[in-house]
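Chain and residue survey
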Amino acid sequence: SSPAACTRYAAPHPRALASTRGSPLGRVRSGCLQLCPKMYKVPGNYKPSNFDKKILMWTGRFKTEEEIPSRIPPEMLDIARNKARVKACYLMIGLTIIACFAVIASAEHHESLTSWNLAKKAKWREEAAISAEFKTK
């Protein structure tokens, strides 16, 4: 689209106008930069690896690997990685909660952790006393 097309959507940002006051077309150019930033971006300049393709499919951006173009914008991959990171965190939180319940369910109810620790320490003291007795003989 042309710079004139960009300016008809909304007024340019005042800070963008301040830097281009000396230019005769400064208002149009700064408004275009402010309002139509996608017009100046380079389309798809990153070649995704196989792992990147798996991330793009796991986050729901593409359904199959064949749908993924050979070159994609880096922003698309950044967004997919952020979504994958959040999904992985939720997955780890869920697995941690499940593991907590599994440990609680598998524990013997009549023994507490404190009594188990006291018994273990008593056994260690007994072994230490026996080894000390053999050393003195």
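Quick caveat, the model's predicted, so the values are computed rather than measured.

Conventions and cut-offs
Residues numbered from 1 in each chain as written. Predicted model: local features only at pLDDT ≥ 70, side-chain atom pairs only at ≥ 80, totals over all residues. Heavy atoms only, no water. Phe/Tyr/Trp six-rings, centres within 6.5 Å; stacked < 30°, edge-to-face > 60°. Lys NZ or Arg CZ within 6 Å of the ring centre and 35° of its normal. UniProt positions renumbered as here; feature names shortened; annotations may be inferred. Helix = DSSP H or I, 4+ residues; strand = E, 2+ residues; numbered from the N terminus. Patch = residues over 30% accessible without salt bridge, like charges linked within 9 Å, V, L, I, M, F, W, Y side chains within 5 Å. Areas by Shrake-Rupley, 256 points an atom, 1.4 Å probe, with all protein chains shown as cover. Salt bridge = Lys/Arg side-chain N within 4 Å of Asp/Glu carboxyl O.

The description of an aromatic ring pair rests on the distance of the ring centres and on the angle between the ring planes. By the definition in use, this model includes zero aromatic pairs. Cation over ring: R61 sits above F62, and NZ or CZ is 6.0 Å from the ring centre. Here K87 stacks its cationic end above the ring of W58, 5.4 Å away from the centre of that ring.

With that settled, consider the UniProt feature "transmembrane region" (unreviewed entry) in the chain. In the numbering adopted here, UniProt assigns the feature "transmembrane region" (unreviewed entry) to residues 88–107. With 95% helix and 0% strand, residues 88–107 has end C-alpha atoms that lie 28 Å from one another.

Side chains of V86, Y90, I93, I97, F101 and I104 sit close together on the surface and give an oily, nonpolar patch of about 660 Å² of accessible area. Secondary-structure assignment places V86 in helix α5 (residues 74–106).

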